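# Close look at the chain arrangement
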Amino acid sequence: PNGYCSAPSLIETLDYLEKKGVHIEIRMQHCKTKGDPYEIADDDEYQWKWYYAICKGDDIKNPILEEGDNGYVLMHPDMVSCLRAAIRKGVELL
């Protein structure tokens, strides 16, 4: 009536996907954000970034990773945006 509707939480959605055989793992990596990627220097800067891996059913040897335009694994700046992207992909796999 007033523009609101119920929706599952992110955790409830993950639980639902898990029961359907879509297993999502959120991973984090410390990435260099400033400096030469091939050298280590005192003024280098790093930041934690997140990415996901999805396994469908029992296939753990071929996880699904989100790729960016450059062909590398797409890194997300925060865990929530990564989790939302993973859930969107997981729903597509149903």
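Summarised in this report is the structure supplied together with it. Not measured: the values here are computed from a predicted model. All residue numbers refer to positions counted from 1 along the written sequence of the respective chain. Residue-level local features of this predicted model are given only where pLDDT is at least 70; pairs of side-chain atoms are given and counted only at 80 or more, and the full residue set underlies all totals for whole chains, interfaces and linings. Only hydrogens and water are set aside; all other atoms, that is, all heavy atoms of the structure, feed into the side-chain values.

Our focus in this paragraph is the nonpolar core. In this description, a nonpolar core means a group of buried Ala, Val, Leu, Ile, Met, Phe, Trp, Tyr and Cys residues linked to one another through side-chain atoms lying within 4.5 Å. Burial classes follow relative accessibility: with a 1.4 Å probe on protein chains only, a residue under 20% of its type's maximum area counts as buried, one over 50% as exposed, and anything between as partly exposed. Counting 12 residues, the largest nonpolar core consists of Leu-17, Val-22, Ile-24, Trp-50, Tyr-52, Ile-54, Cys-82, Leu-83, Ala-85, Ala-86, Ile-87 and Leu-93. Of the residues forming this core, the biggest block, 5 residues, is contributed by helix 2 (residues 79-92). Residue contacts are counted whenever heavy atoms from the two residues lie within 4.5 Å of one another. Apart from the residues lying within four places of it in its own chain, the contact partners of Cys-82 are Ile-26, Trp-50, Tyr-51, Tyr-52 and His-76. Counting from the N terminus, the helices are the DSSP runs of H or I reaching at least four residues and the strands are the DSSP runs of E reaching at least two.

Glancing now at helix 2. Under the convention used throughout, the expected extent of a helix is 1.5 Å for every residue step, that is, one less than its residue count. A rise of 1.5 Å per residue sets the reference length of helix 2, with its 14 residues, at 20 Å; its end C-alpha atoms lie 20 Å apart and thus fit the reference within 8%. Each element contacted by the buried residues of helix 2 is listed here: helix 1 (10-19), strand 1 (22-34) and strand 2 (45-56). As used in this structure description, the phrase polar contact means that two N or O atoms lie within 3.5 Å; if the pair is within protein, one of them must be able to donate a hydrogen and the other to accept it, and residues adjacent in sequence are counted only when both atoms belong to side chains. Between the side-chain oxygen of the N-cap and the backbone nitrogen of Val-80 there are 3.2 Å, and the N-cap of helix 2 in question is Asp-78.

Here we come to the pattern of salt bridges. By definition, a salt bridge exists where a carboxyl oxygen of Asp or Glu is found within 4 Å of a side-chain nitrogen of Lys or Arg. Following the criterion strictly, the structure yields 5 salt bridges and no others. Asp-44 serves as the salt-bridge partner of Lys-32, at 2.9 Å between the closest nitrogen and oxygen. With Lys-32 in strand 1 and Asp-44 in the loop between strand 1 and strand 2, this residue pair connects regions lying 12 residues apart in the sequence. For the salt bridge of Lys-89 with Glu-92, the shortest nitrogen-to-oxygen distance reads 3.7 Å. One end of the pair is Lys-89 and the other is Glu-92, both in helix 2 and 3 residues apart, which spans about a single turn.

When DSSP finds two or more bridges between two strands, those strands count as paired. In space, the 3 strands of this open sheet follow the order 1-2-3, with antiparallel pairing throughout. Strand pairing shows two members of the sheet lacking a second neighbour, strand 1 and strand 3 (64-65), which therefore form its edges. Strand direction decides the pairing type here: strand 2 and strand 3, joined by 2 bridges, are antiparallel. Paired with Ile-54 across the bridge in strand 3 is Ile-64. Here the axes come from fitting lines to C-alpha atoms, over the contacting stretch only for helices, and the angles between their N-to-C directions go from 0 to 180 degrees. Contacts between helix 2 and the sheet are confined to strand 1, strand 2 and strand 3, with strand 2 contributing the most and set at about 20 degrees to the helix.

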